[in-house]
Amino acid sequence: MTDTDSDPEYPRRFNIRELLRSAVFVPESKRLNVLLKEFRSSHNHMAIVIDEYGNAAGLVTIEDILEQIVGEIEDEHDFDDSAPIFKRSPTDYMIKAHVPIDEFNQYFNSDFAENGFDTIGGLIMNAIGHVPKRGESVGLHNFHFKVVRADSRRIYLLNMRILPNLTRPDVDTQQDISQ
């Protein structure tokens with residue numbers, strides 16, 4: 001232990017090993033009730049499914065198991081995988097970040113320019129100025145975008161609300177980081 005380990009002036013060094021867990025592998029033939037009990041006792045929420053040859057056949061989550069038992073569980077992230085823009089109400093939408101800007105413009109009759117990026121996720125990332133985390137938001141024109149799903153490299157899913165048509169600058173980069 002060095003002098004800096006206990007000194008509050010020096011933050012503790014980040015050790016990713018403290019956060020990692022071993023992958024859980026389950027055979028395709030494992031019964032759901034047994035797998036659910038294992039998930040509950042081990043506090044795991046997902047496992048890699050392997051076939052008879054030991055090859056990865058897929059991924060199973062605790063939500064997958066519960067949906068098999070009780071039926072479809074709707075949550076804020078579930079919508080038609082083929083629909084890149086999902087209308088939740090007249091003013092609220094879920095939008096996949098890979099939607100091309102021209103497709104977004106056509107759907108919402110907007111006029112975002114394609115200046116160096118092709119997708120709505122690229123536009124949002126540019127407006128915020130960094131790869132945003134879940135919950136960060138930004139207003140552009142009369143739209144308010146909130147990041148629903150992202151990782152350290154890209155945005156996957158956005159919640160968008162159409163604001164009343166107010167006099168606003170073209171790009172308002174005020175960030176609302178509340179969750």
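Just above, that's the structure.
The rules behind each value
Residues numbered from 1 in each chain as written. Predicted model: local features only at pLDDT ≥ 70, side-chain atom pairs only at ≥ 80, totals over all residues. Heavy atoms only, no water. Salt bridge = Lys/Arg side-chain N within 4 Å of Asp/Glu carboxyl O. Buried < 20%, exposed > 50% of the residue type's maximum accessible area, 1.4 Å probe, protein only. Phe/Tyr/Trp six-rings, centres within 6.5 Å; stacked < 30°, edge-to-face > 60°. Helix = DSSP H or I, 4+ residues; strand = E, 2+ residues; numbered from the N terminus.

By the definition in use, this model includes one salt bridge. Here E38 makes a salt bridge to K30, at a shortest N to O gap of 2.6 Å. Overall, the relative accessible area of 26% leaves K30 in the partly exposed class.

We now examine the packing of aromatic side chains. Two aromatic rings are characterised by how far apart their centres lie and by the angle between their planes. Going through the model one piece at a time under the given rule, you end up with 10 aromatic pairs. Look at F104 and F108: their rings are 4.7 Å apart centre to centre, the planes differ by 40°, and that puts the pair in the tilted class. Taken together, the residues F104 and F108, both in helix α4 (residues 101-108) and four residues apart, mark about one turn of the helix. As far as burial versus exposure is concerned, F104 and F108 are alike and both buried. Site record: aromatic cluster; members linked through ring pairs are Y93, F104, Y107, F108, F112, F143 and F145.

Moving on, we get to the environment of I128. Relative to the helices and strands, I128 resides in helix α5 (residues 120-128). Along the sequence, I128 and G139 sit 11 residues apart, while their C-alpha atoms lie 9.5 Å from each other.

Let's shift gears to α5. Residues that lie three or four places apart on an α-helix share one face, since the helix turns once every 3.6 residues. Where burial is concerned, most of α5 is hidden: seven out of the nine residues are buried. Where α5 terminates, the next one or two residues include G129, which has phi positive at roughly 100°.

Honestly, it's all geometry; don't read function into it.
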